Amino acid sequence: MAYKKDLSIEFLGVKCENPFFLSSSPVCSNYDMIAKAFDAGWAGVFYKTVGIYIPDECSPRFDITKKEGTPWTGFKNMEQISEKPLEVNLEYIRRLKKDYPTKVLAVSIMGSTKEEWEILAKKVTEAGADMIECNFSCPQMTSSSMGSDVGTNPALVYEYTKAVVENTHLPVIAKMTPNITLMQVPAKAAIEAGAKGISAINTVKSITNIDLENLTAMPVVNGKSSVSGYSGAAIKPIALRFISDLKHDPELKDIPVSGIGGIETWQDCLEFLLLGCENIQVTTAVMQYGYRIVEDMISGLSYYMEERGVEKLKDLVGLALPNIVGADEIDRSFRIIPKINEELCVGCGRCYISCYDGGHQAIDWNKENRKPTINDKCVGCHLCLNVCPVYQCITPGEVRFKENREPHEVALKTIYS
């Protein structure tokens, strides 16, 4: 049975039983799906983006990337916003709020004109939404007047956010696109226009694979394909970077953030919380494993808090931010020489090959006993540690200070998995 601790947290003035929400996507696009998700333990959803526009979808519209025998590392989708008429979606929203009054229903909206944004804001408010998310970030819309093309235009982000804010009493969240160099620019425009929070990130523009049969990208739609959004575990590093950028900006550091991008496990959730997120959104992992993953998220985070003596989830938010600094602030006065546990070493030679062909030729190889040893060329890059397939076989060892550098205490990470 899953272990449960009090994971409640307030987000934009709305109390949530836990921080785990579904992001606006195919996994939360109708009443039955969302009801099942609520029953499974999700605290809320960002209802799949509703609009005046009804898309004409293609088939097929999904593709994946993987490495060797792994599950998906990434997922590409060419799906647009909800294909249901607005009134159908509004009826689902009304029913969900009636049947699940303690769950949180944030509704994602997208218009193509200021007037459409105003209409959508009024209608989802009347239907009983708890929050409104402005989708400025979908990269596969067929019109440049919607989606990520809008999200890269701060003037339009400001105009449309203001239109929504002026037509609702609900907290408004702006969903940012990662298909931009500085996310802070449109984020500030949204906040200036009255948004209370930021969602980040949406999918990354991509071509996942080239089909050698039809000579086009995947998925193949009658011999053609197009650039579209990439999600899944592969984009988590990109998401964490953008969130760090937002939370380190003096003008945005106190703005609540809903974190999205490659979240699959409770550890992933914790990483986003430690970077300052107060809310977590998930889609691709649900498409792969189902709604049940929330049980593992709840249990894993509960155990972590119990072991660390943390009583309130809020106390974890942002703890990692002070330790993420500019490249010019990194301590470069020492080298950490890896050590090899000969008893654990299986003699595969991966460390030797990687160091010789891709590093500093700092590992010698004994052909007789198939054992590696580290030589004086080692610069402490830890490539060997990262390619070793055996748990804790190669770990950080001696700290050697560079010439004329003052020795001091060095914090080490000692456990790698």
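Fair warning: this is a prediction, and the values are worked out from it, not measured in the lab. Chains are numbered independently. Their residues run from 1 in the order of the written sequence. Under the rules for a predicted model, residues below a pLDDT of 70 receive no local features and side-chain atom pairs below 80 are neither given nor counted, while totals for whole chains, interfaces and linings still include all residues. Neither water nor hydrogens contribute to the side-chain values; these are computed over all heavy atoms in the structure.

Visitor: So what's going on with the overall build of the chain? Which residues, and what values?
Guide: Starting at the N terminus, helices and strands are each numbered in turn, a helix being any DSSP run of H or I of at least four residues and a strand any DSSP run of E of at least two. Along its length, the chain carries 12 helices and 20 strands. For this measure, only C-alpha atoms enter the radius of gyration; the expected value for a globule follows 2.2 Å times N^0.38, where N is the number of residues. For the chain, whose C-alpha radius of gyration is 24 Å, the value lies close to the compact-globule estimate of 22 Å for 417 residues. The principal-axis extent of the C-alpha atoms belonging to the chain is close to 75 × 55 × 45 Å. Relative to its 417 residues, the chain shows a buried fraction of 52%. Note on definitions: a residue-residue contact is assigned when non-hydrogen atoms from the two residues lie within 4.5 Å. Sequence-distant contacts, at least 24 apart, represent 70% of the contacts inside the chain between residues at least 6 apart. For the accessible areas, the method is Shrake-Rupley and the probe is 1.4 Å, while residue cover comes only from the protein chains on display. For the chain, the accessible area works out to roughly 20,000 Å², and carbon and sulfur atoms hold 50% of it. Residues scored as positive are Lys and Arg, those scored as negative are Asp and Glu, and His as well as the terminal groups of each chain are ignored. To locate a charge, take atom NZ for lysine, CZ for arginine, CG for aspartate or CD for glutamate. Considering the chain, the positive charge centre built from 44 side chains and the negative charge centre built from 53 side chains are found 1 Å apart. Buried, partly exposed and exposed residues are distinguished by accessible area as a fraction of the type maximum, computed with a 1.4 Å probe on protein chains only: under 20%, between the cut-offs, and over 50%, respectively.

Visitor: Describe the pairing of strand β14 (residues 228–231), with residues and values.
Guide: Strands pair, by our definition, only if DSSP identifies at least two bridges between them. For strand β6 (residues 72–77) and β14, the ladder comprises 3 bridges, and the chain directions are antiparallel. Its bridge partner lying in β14, N77 is registered against G229. Across 3 bridges, the pairing between strand β11 (residues 204–206) and β14 is antiparallel. Bridge assignment links K205 to a residue of β14, and that residue is G229.

Visitor: Tell me about the domain arrangement of the chain, residues and numbers included.
Guide: Boundaries of every domain are those given by an automatic assignment or by a domain database. Parsing the chain into structural domains produces domain 1 (9–323) and domain 2 (334–401). Centre-to-centre separation of domain 1 and domain 2, based on C-alpha positions: 41 Å.

Visitor: Residue-level account of the sheet that holds β11, with values.
Guide: The 4 strands lie next to each other as β5-β6-β14-β11, forming an open sheet whose pairing is antiparallel. Only two strands of the sheet have a single partner each, and these edge strands are β5 (62–66) and β11. Strand-to-strand, the axes of this sheet are offset by a mean angle of 35°, without reference to chain direction. A fitted line through C-alpha atoms represents every axis, and for helices the fit uses only the stretch in contact; the resulting angles, taken between N-to-C directions, go from 0 to 180 degrees.

Visitor: Break down the pattern of salt bridges for me, with residues and values.
Guide: Any Lys or Arg side-chain nitrogen found within 4 Å of a carboxyl oxygen on Asp or Glu counts as a salt bridge. In the structure shown here, the tally under the stated rule is 21 salt bridges. Where E68 meets K67, a salt bridge forms, and the shortest distance between an N and an O atom there is 3.0 Å. E251 is paired through a salt bridge with K188; the nearest N and O atoms lie 3.4 Å apart. Taken as a pair, E251 in the loop between α7 (236–248) and β15 (257–260) and K188 in helix α6 (residues 184–192) lie far apart in primary sequence, 63 residues in all. In this structure E251 comes out as exposed when scored by relative accessible area, which is 59%. One connected set of salt bridges, linked through shared partners, spans K5, E306 and E311.

Visitor: Summarise the environment of V185; cite the residues concerned and give the values.
Guide: Of note, V185 is situated in helix α6. Residue V185 is classed as partly exposed on the basis of its relative accessible area of 42%. Each C-alpha atom, one on V185 and one on T49, is 23 Å from the other, the two residues being 136 residues apart in sequence.

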